[in-house]
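Residues per chain, in single letters:
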Amino acid sequence: MSLPADRLGASSPPVELPRVWDLVRVARPGLIVSHLWVYLLPLALAPEAPGGAYWIGALYVTLPLGLLIYGWNDFRDGDVDALSPRKRESRMAHFFGYRLSPGRRRALPLCIVAANLPFLALALVSGELPLVGWAAVMVAGNWLYNGPGPRLSRRPGMAEITATGIYLCILWLGAEMAGVALSWPVWVLAAAAILVFQIAGAIVDLPADRAVGKRTFAVAAGETVAAAALAAAVLVKAVVFWGHLAAPPPALINGAAAPLLLARPSPPVGNWAGATYVYFAIADWACLALLAL
């Protein structure tokens, strides 16, 4: 099934500024939780509390960065979103992406710039050129993922890898702002945690994506393979917690969950994957707190 063209040309309605609540929903409150987890991970390993600049960075990775990543996605993915019932009819849309009206969607680039420009200006004024370079990398990553370039978001496997790379950039920002040099196990832990959310999200959207012809990893590989990949990522987390971070409780939390993911109830696919997402959203925060102790 081919995707319909995304028509934003002369026939489009006039630009209409979104409401504040619209922008909050576009920024994905449910995914901002994972932004903060990745950003705060270096803080749990820091020898001392960071300064005020660190907490400005924590503020940035919420709504402004959410708009950059997911607002860009919504602006480019109007063709798919128009056919997805989850984007408007599901209660999950309020936390994981709401379908704006065409006029409000056309205003998203202006909103993205307005939300991100103050933080970029602050980095320039303070002389933090590495942060300016980081912002350029984030823009490049989103261009690769969302288009109008390669649009890796529509290539199975590449979508998850690119999104994981974008999240690891958030980890780098957190480490830079906290003044912490991260060891390789922490990077592996973060990458595995991000993949858990990426794959679970793809499984949540599997029926809708399949219906509109969007080939995500879950659509291309199938539910069984996607669940196995999810369980493998969870096991990687358990190994890192146990063997490299000397944290048995988080290791046991993840290790106990992996077999349950393989013995998933089906159908409905979306409910199972959504419950998995919520479980790890809570469990990962608990693991972060245990690391900080």
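Remember, predicted model here, so these are calculated numbers, not experimental data.

S.K.: Before we go on, may I ask you to explain the nonpolar core in this structure?
M.R.: A general feature of soluble globular proteins is that nonpolar side chains tend to end up buried together. In terms of nonpolar packing, the biggest core is built from 83 residues, with Y39, L41, L65, M138, I203, L230 and F241 touching the most fellow members. The element contributing the most residues to this core is helix 12 (residues 184-204), with 12 residues. With near-sequence residues (within four places) excluded, L41 lies in contact with L171, V186, A190, L288 and L291.

S.K.: So what exactly am I meant to see when it comes to the side chain of T162 here?
M.R.: Secondary-structure assignment places T162 in helix 11 (residues 158-178). On the basis of relative accessible area, T162 is assigned to the buried category, the value being 13%.

S.K.: Please explain the packing of aromatic side chains as it appears in this structure.
M.R.: Two aromatic rings, taken as a pair, are described by how far apart their centres are and by the angle between their planes. Applying the stated criterion across every chain yields a total of 5 aromatic pairs. Geometrically, the ring pair formed by Y54 and W55 is edge-to-face, given 5.0 Å between the ring centres and 90° between the ring planes. Residue classification places Y54 among the buried residues on the basis of a relative accessible area of 0%. The class of W55 is partly exposed, set by a relative accessible area of 44%. Members of the aromatic cluster, connected to one another through ring pairs, are Y39, Y54 and W55.

S.K.: Help me understand helix 10 (residues 129-146), please; the structure alone is not making it clear to me.
M.R.: Quick reminder: α-helices carry 3.6 residues per turn. Residues three or four places apart thus point the same way. Given a rise of 1.5 Å per residue, 18 residues ought to cover 26 Å, and the 26 Å separating the end C-alpha atoms of helix 10 matches this to within 8%. Taken as a whole, helix 10 has its buried residues at L131, W134, M138, G141, N142, Y145 and N146. An end-on view of helix 10 places all buried positions within 110° of arc, on one side of the element. The secondary structure elements touched by the buried residues of helix 10 are helix 3 (52-60), helix 4 (63-76), helix 9 (108-125) and helix 11. G147 sits one or two residues past helix 10 and shows a positive phi near 95°.

S.K.: What is the right way to look at unusual backbone geometry in this model?
M.R.: Trans is the common state for peptide bonds, and a negative phi is the common state for residues other than glycine. With phi around 65°, R28 is a residue other than glycine that occupies positive phi space. Topologically, R28 is positioned in the loop between helix 1 (20-26) and helix 2 (29-44). Look at R28 and you get buried, because its relative accessible area is 4%. Phi at R151 takes a positive value of approximately 55°, unusual for a residue other than glycine. Along the chain, R151 falls in the loop between helix 10 and helix 11. For R151, a relative accessible area of 17% translates into the label buried.

Conventions adopted
- Residues numbered from 1 in each chain as written.
- Predicted model: local features only at pLDDT ≥ 70, side-chain atom pairs only at ≥ 80, totals over all residues.
- Heavy atoms only, no water.
- Core = buried A, V, L, I, M, F, W, Y, C linked by side-chain atoms within 4.5 Å.
- Buried < 20%, exposed > 50% of the residue type's maximum accessible area, 1.4 Å probe, protein only.
- Helix = DSSP H or I, 4+ residues; strand = E, 2+ residues; numbered from the N terminus.
- Contact = heavy atoms within 4.5 Å.
- Phe/Tyr/Trp six-rings, centres within 6.5 Å; stacked < 30°, edge-to-face > 60°.
- Expected span 1.5 Å × (residues − 1).
- Arc of directions from axis to C-beta.

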